[in-house]
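Overview (structure and organization)
Residue-level listing of the chains:
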Amino acid sequence: MLIHIRNLWKTYDMGQAVQVQALRGVDLDIERGEYLAIMGPSGSGKSTLMNLVGCLDTPTEGTYELNGRMVSQLSDDELAYIRNKEIGFVFQTFNLLARATALHNVELPLIYNGTPASERKKKAQQALAAVDLTDRSHHKPNELSGGQRQRVAIARALVNSPSIILADEPTGNLDSATGAEIMQLFDRLSKQGHTIILVTHEHDIAAYAERSVHLRDGKIEKDERRAA
Amino acid sequence: MGKLKTPIWESVKISLSSLRANKLRSILTLIGVIIGVTSIITMVSLISGFNKLVADQLATLGSTTFIVEKFGIILSDDDWFDAMKRKDLTLADYQAIAAGCSECEEVAIQKASNRKVKYGREHFSRVPIVGITPNYMKVVALDDIVDKGQGRVITEFENDHRRQVAILGPELVDKFFPMLDPIGKKVRIGGIDFTVVGVPKKRGSFLGDNQDRFAAIPFSVYQKYFSNKLEPWEGLQFYIKAKDYPSMEKAQDQVRAILRARRHVPYHDKDDFGMYTAETLMDLFKKVTTGISFTLVGIVSISLLVGGIVIMNIMLVSVTERTREVGVRKALGARRRSILLQFLIEAVTLAVAGGTAGILLGVLLAKVISWTTPIPAAIEPWSIIAGLLVSTGVGVFFGVFPAAKAARLDPIEALRYE
Ligand SMILES: Nc1ncnc2c1ncn2[C@@H]1O[C@H](COP(=O)(O)OP(=O)(O)OP(=O)(O)O)[C@@H](O)[C@H]1O
Ligand SMILES: [Mg+2]
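Residues numbered from 1 in each chain as written. Chains lettered and ligands numbered in written order. Predicted model: local features only at pLDDT ≥ 70, side-chain atom pairs only at ≥ 80, totals over all residues. Heavy atoms only, no water.

Things to note about the overall build of chain B
- Each helix and strand in chain B was counted, giving 16 helices and 12 strands.
- Taking 418 residues into account, the globule formula puts the C-alpha radius of gyration at 22 Å, and chain B, at 33 Å, lies well above it.
- Along the longest, intermediate and shortest principal axes, the C-alpha atoms of chain B span 105 × 60 × 35 Å.
- Taking all 418 residues of chain B together, 48% fall into the buried category.
- Once local pairs closer than 6 in sequence are excluded, the contacts in chain B between residues at least 24 apart make up 78%.
- With the model as given, the accessible surface of chain B reaches about 20,800 Å², and the carbon-plus-sulfur share is 61%. (Helix = DSSP H or I, 4+ residues; strand = E, 2+ residues; numbered from the N terminus. Rg over C-alpha atoms; globule rule 2.2 N^0.38 Å. Buried < 20%, exposed > 50% of the residue type's maximum accessible area, 1.4 Å probe, protein only. Contact = heavy atoms within 4.5 Å. Areas by Shrake-Rupley, 256 points an atom, 1.4 Å probe, with all protein chains shown as cover.)

Points about the pattern of salt bridges
Residue and element names in this part refer to chain B.
- Applying the stated criterion to the full structure yields 34 salt bridges over all chains.
- Residues Arg 329 and Glu 325 are paired through a salt bridge, measuring 2.8 Å at the closest nitrogen-oxygen approach. With Arg 329 and Glu 325 both in helix H13 (residues 323–331) and four residues apart, this pair spans about one turn of that helix. (Salt bridge = Lys/Arg side-chain N within 4 Å of Asp/Glu carboxyl O.)

Quick word on unusual backbone geometry
Residues and elements named next belong to chain A.
- One non-glycine residue, Asp 132, lies in positive phi territory at about 60°.
- With respect to the helices and strands, the residue Asp 132 is situated in the loop between helix H4 (117–130) and helix H5 (146–158).
- For Asp 132, a relative accessible area of 48% translates into the label partly exposed.
- Positive phi values are uncommon outside glycine, yet Glu 169 reaches one of about 45°.
- With respect to the helices and strands, the residue Glu 169 is situated in the loop between strand S7 (164–168) and helix H6 (176–191).

Section: the site of ligand 1
- Within the structure, ligand 1 sits among 15 residues, and Ser 42, Gly 43, Lys 46, Ser 47 and Thr 48 of chain A are positioned closest to it.
- Ligand 1 sits at a junction of chains, with neighbouring residues supplied by chains A and B.
- Here Gly 43 of chain A contributes a backbone N or O atom positioned 2.8 Å from an oxygen atom of ligand 1.
- Within the side chain of Thr 48 of chain A, a nitrogen or oxygen atom sits 2.5 Å from an oxygen atom of ligand 1.
- In the complex, 69% of the free accessible area of ligand 1, which totals 630 Å², lies under the protein chains. (Near = heavy atom within 4 Å. Polar contact = N/O pair within 3.5 Å; in protein donor to acceptor, adjacent residues only side chain to side chain.)

Here we look at H13 of chain B
All names here are of chain B.
- In terms of residue burial, H13 counts as a mostly covered element, since eight of its nine residues are buried.
- Among all positions in H13, only Thr 323, Glu 325, Val 326, Gly 327, Val 328, Arg 329, Lys 330 and Ala 331 are buried.
- At the exit of H13 stands Gly 333, carrying a positive phi of roughly 110°.

Side note on the interface of chain A and chain B
- With 28 residues of chain A at the contact, the number on the chain B side is 30 residues.
- Of all residues in chain A, Tyr 81, Arg 99 and Tyr 112 of chain A bury the most surface against chain B, accounting for 29% of the area lost on that side.
- Taken together, chain A and chain B are joined by three salt bridges.
- For the pair chain A and chain B, the number of links is eight residue pairs in polar contact (both at pLDDT 80 or more).
- With nine residues, the single largest contributor to the side of chain A that touches chain B is helix H2 (residues 76–86) of chain A.
- Grouping the constituent residues of the side of chain A that touches chain B by class yields 12 nonpolar, six polar and 10 charged. (Buried area = accessible area lost by both parts, 1.4 Å probe. Nonpolar A, V, L, I, M, F, W, Y, C, P; charged D, E, K, R; others polar.)

Quick look at the sheet that holds strand S1 (residues 3–13) of chain A
All names here are of chain A.
- Read across the open sheet, the four strands follow the order S2-S1-S4-S5; overall the sheet is antiparallel. Here the strands that pair on one side only, and so sit at the sheet edges, are strand S2 (19–30) and strand S5 (69–70).
- When S1 meets S2, the two strands line up antiparallel, connected through nine bridges. Looking at the pairing, Tyr 12 lines up with Val 20 of S2.
- On the sheet, helix H1 (residues 46–53) packs against S1, S2 and strand S4 (61–66) and is oriented at approximately 120° with respect to S1. (Pairing = 2+ DSSP bridges. Axes fitted to C-alpha atoms, helices over the stretch in contact; angles between N-to-C directions.)

Overview of the pairing of strand S2 (residues 104–119) of chain B
Residue and element names in this part refer to chain B.
- Across six bridges, S2 lies against strand S11 (residues 237–242) in antiparallel orientation. Paired with Ala 108 across the two strands is Tyr 239, which belongs to S11.
- The pairing of S2 with strand S3 (residues 122–132) spans nine bridges and is classified as antiparallel. Counted as the bridge partner of Lys 111 is Gly 131 from S3.
- Count of turn residues in the S2/S3 antiparallel hairpin: two residues, of which Gly 120 carries a positive phi of about 60°.
- In terms of strand pairing, S2 meets strand S6 (residues 186–189) through two bridges, oriented antiparallel. Among the inter-strand pairings, Lys 118 is bridged to a residue of S6, identified as Arg 188.

Spatial relationships are all this shows, so hold off on functional conclusions.
Pasting the structure below:
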């Protein structure tokens, strides 16, 4: 079992005794190699769940085991370690560093785990090759199309060979043709054995995944597998 | 669980690249630190150059010489009014000291006033004319300077027989005798003819006082022609050389006793004359320059404080602007420490760059001042080290708060920041 989540709660204190319960007791198990889509209406807690799975945040209550390691109560530095080694993020707005080249953006996670420069370059080049961007490695984000930017972000997510790739509405800022291109890339990565979790509103995007989890009001409403 | 290690030079690289991206802003940020460090270097150089110059000059007076005069060292208006009421030192005082001071090797007289000096059609108005006993030249090492120049010093014989001879400052010689040998020529000083017997080597100016523009004549001649009651400062100045350094104090005590007795100073009263040595003058000068230094330390501190606050302000702006960047870095596994270092190194680099520019500017400024004015400069290595340390300190002190702020950012909020 790669991810083992039990009774996960996330409550935001808004002051004056007002509380927002973004997640209200989520149970979720995910196997290695799964390709899963999280769906649900706006405000249902999809991003909140993603952030918890991605160790950007800690739950108010409940347990989260990643790769057999209890991560719901880790310190800041330990969470940074998990984010670096186990998780690859892909964001809706790409979140590339504007001043840096595609190559340098892909190198970033490797810088933070002290990979030597020569090895870093090699790995980053390989990751860019995996998303068909070898010829764009010295371009800055503003010299790339939206789809190319998202591919750089995916290369960055891949570069450390993480256990999971997390993508929060990765096609949200792209037109449908480019979105489809990106989804084909995820498809390919999934076939290569990567574990992928993606958040989306759109059914045809979710259709790429083998399994879809529907959230409503912070709870799992439906968990269905596509017939193979 | 394993631990992430980010080599420090990677943090340095990240910091430098973000400084390069904001070149103009980075440079403007530095002005305060540059001004602060430039002032440190320039002022330290000038003050220490000045101190050295004064020390050199006073060294010609020697450690065994002291000066006795009516005024002494005047530090306040009260001192001045007191001194004005005093009796002048007289020739009789001189004779009493010369006869009564066993620890004194030489007792010389110097008296000065300004006169017109003329040769042919050329003239200088208001040249300091000093009447001296011949031993005065030995006491203040003027004999050496004449030896290195032309001609000879004034002799005892000339003083005893009131010969109208003069030692003429090189500046006057240059104007009067550009081509001719000055020795043996007659010049008119205050309407009286004098024969030039010696010309000292050029010395330049000291504290704005042109040391090459003067004429020295025998004291006896000065008394005869120039000592009229129209001169406000009638008194004599005595330049006294003790036998050796150990007998300095004794010599001063003897002179003091002789003068107090002759001038009937009551037992409990202060001396009604001034007595000082090169050392006293040096101490006084050091006190003045230390005072100036403290004022400067104040100015420098203020400009460094302002410079530091500017750096802090710019770093806070930079942290806010790059909130999203911090979020991204954290999402990719940057620890707090890495983010803290990134911004701290940025601040320190800024400050040290300012410090280095300040050092270069300061050295340059000190050199330019020493080339264009009589004020000398001595670059002190410790002031350069101090400049670097102080600017590093400013960078760390004012950089740590913005850097800590960046490091504490919550990754999710940072990522969501617009
Ligand atoms: N930092 C926060 N402080 C307070 N409330 C929050 C915070 N983050 C999220 N929420 C609330 O938690 C709930 C779930 O938010 P979340 O972002 O997970 O929704 P979502 O399913 O991702 O929605 P969308 O599809 O619009 O992205 C919302 O009601 C939201 O207002
Ligand atoms: Mg969301």
